[in-house]
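One letter stands for each residue in the lines below.
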Amino acid sequence: MNVDAAVAAAAAIAGVCTGVIAMLAFRWSERDQARPSRSSLHTDAVLPPGVDTVLSVLRSSAVVLDEGDAVVKASSAAYALGLVRGGKLAVEPMLQMARDTRRDGEIRQVELDLPRRGTGRGDALAVSARVAPLGSRLVLLLVEDLTEARRIEAVRRDFVANVSHELKTPVGALSLLSEAVMDASEDPEAVTRFAGRMQIEATRLTNLVQELIDLSRVQNDDPLEDSEPVRVDELVAEAIDRCRHQAGTKQITMAAGGTADLHVWGNRGQLAAALGNLVENAVNYSPARTRVGIAARHITAPGGDLIEIAVTDQGIGISEKDRERVFERFYRVDPARSRATGGTGLGLAIVKHVAASHGGEVTVWSAEGQGSTFTLRLPEAGAVRDRDRGRTLIERTGGTAAPDDVRAEDSYTDDRLSTPEVLP
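Quick look at the structure, then. (Residues numbered from 1 in each chain as written. Predicted model: local features only at pLDDT ≥ 70, side-chain atom pairs only at ≥ 80, totals over all residues. Heavy atoms only, no water.)

**Focus: the nonpolar core**
Turning to step 1, where the next piece is worked out: Formed by 46 residues in total, the largest nonpolar core has its most connected members in V232, M254, V264, V292, I294 and V311.
Turning to step 2, where the next piece is worked out: When residues of this core are traced back to their parent elements, those giving at least two are α7 (188–220), α8 (232–242), β9 (253–258), α10 (268–284), β11 (291–301), β12 (304–312), α13 (347–357) and β14 (371–379).
Turning to step 3, where the next piece is worked out: For this core, the leading source of residues is α10, giving eight residues.
Turning to step 4, where the next piece is worked out: Counting residues in each nonpolar core, the second largest holds 23 residues, with L81, L89, V131 and L141 among its members. (Core = buried A, V, L, I, M, F, W, Y, C linked by side-chain atoms within 4.5 Å. Buried < 20%, exposed > 50% of the residue type's maximum accessible area, 1.4 Å probe, protein only. Helix = DSSP H or I, 4+ residues; strand = E, 2+ residues; numbered from the N terminus.)

Below, the structure is given as structure tokens:
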């Protein structure tokens, strides 16, 4: 009996303890639920109404910091730029600006250069950071990426400086030559010599202004607005005709070959100017009694069929360090030769812009002392190709060709090489 009473008493005591513990746990849970958690401090409940929505549509990278410098809110762009890591602002100068603004309430702005994350490159990321108080406890940081704007400004500045220098050279020469003509007014032979030099400088100035206009046009105009199917044979013939006089003077042979009846889609004037610049460079940088070849062919690429036009010369060649820069504006491999030939350093820049605006590219292979090959790749006008080949096959068969015959003709025409046309 005594044992049963003891067991009952122990069970009662255990039940009371369990009830007390359960009641304490329930009260503790209620208090935890009523108390704001750390995560809730970093949600919309802390931000003033509407701020979260505004930050989500800003183009700038946005970061909101609390009184302990913890990140309350950060946009995806802020993470992409590497501003926020592990819930903290990772850029010390910006963190110090936030602390100063929290202390005195003043708005601060500064431009900084930040290292790029994970690229291994030495160039920095240029940003503009602006810090302002947001309510009584928060600080708002807005960061604008200025890297692209800085690059464009540097290109514009270099372009203006180069144009000023290039224009100053022939203008200064014309001024000096005009004074020389005035001083030698009684010497007909000297007047004739100086007048010839003036004509050369005036031609150089005219060419420079024209190429500046052409470069501006290809950069600003959309070639698709005036696009049409253009026969490659006609572009090649026009480029050869443009350089016929210079080639004849140096006894350079120009040969045109490759696949016939090819078409590209684009602005005829821009394409003719681009190919003409490549052929003209080949002639100008080739020694006398050498050969310049222009060949076109059809190639298949993952993004679609392309027409490849290669211009090959036997000239001085281009060194490896110069090959990376030949398409820059005003860059010359041989400045002395450029002055002798009247080159402006804009021809290849125009070719690059024309190729890019037409969805193509231009590349160069070269070896010093052996020559160079510039290759222009452009999208093919496929519909015109199929139409012309179908018409040719129908004419051959007297109008009995079927669609399958036209498709079979494609392989024949693609592999067919026309006889090179040699032009003295």
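**Considerations on the sheet that holds strand β5 (residues 108–115)**
Paired through their backbone hydrogen bonds, the strands of a sheet run either parallel or antiparallel.
Turning to step 1, where the next piece is worked out: The sheet built from five strands is open, its strands ordered β2-β1-β7-β6-β5 with antiparallel pairing. Either end of the sheet is taken by a strand with one partner, and the two such strands are β2 (71–74) and β5. With strand direction ignored, the average angle separating the axes of adjacent strands in the sheet is 25°.
Turning to step 2, where the next piece is worked out: Pairing of strand β1 (residues 61–65) with β2, which is carried by three bridges, proceeds in the antiparallel orientation. (Pairing = 2+ DSSP bridges. Axes fitted to C-alpha atoms, helices over the stretch in contact; angles between N-to-C directions.)

**Some remarks on the pattern of salt bridges**
Turning to step 1, where the next piece is worked out: Inspection of every chain in the model, using the stated rule, returns 23 salt bridges.
Turning to step 2, where the next piece is worked out: D100 is the salt-bridge partner of R103, the closest N and O atoms lying 3.1 Å from each other. Placement of both R103 and D100 in helix α5 (residues 92–104) is noted, with a separation of three residues, approximately one turn of the helix.
Turning to step 3, where the next piece is worked out: On the accessibility criterion, R103 (60% relative accessible area) is exposed.
Turning to step 4, where the next piece is worked out: Residue D100 is classed as buried on the basis of its relative accessible area of 17%.
Turning to step 5, where the next piece is worked out: For R150, the salt bridge is made with D113, and the minimal N-O distance between the two is 3.6 Å. With R150 in helix α6 (residues 147–183) and D113 in strand β5, the pair connects residues that are 37 residues apart, well separated along the chain.
Turning to step 6, where the next piece is worked out: Overall, the relative accessible area of 37% leaves R150 in the partly exposed class.
Turning to step 7, where the next piece is worked out: For D113, a relative accessible area of 54% translates into the label exposed. (Salt bridge = Lys/Arg side-chain N within 4 Å of Asp/Glu carboxyl O.)

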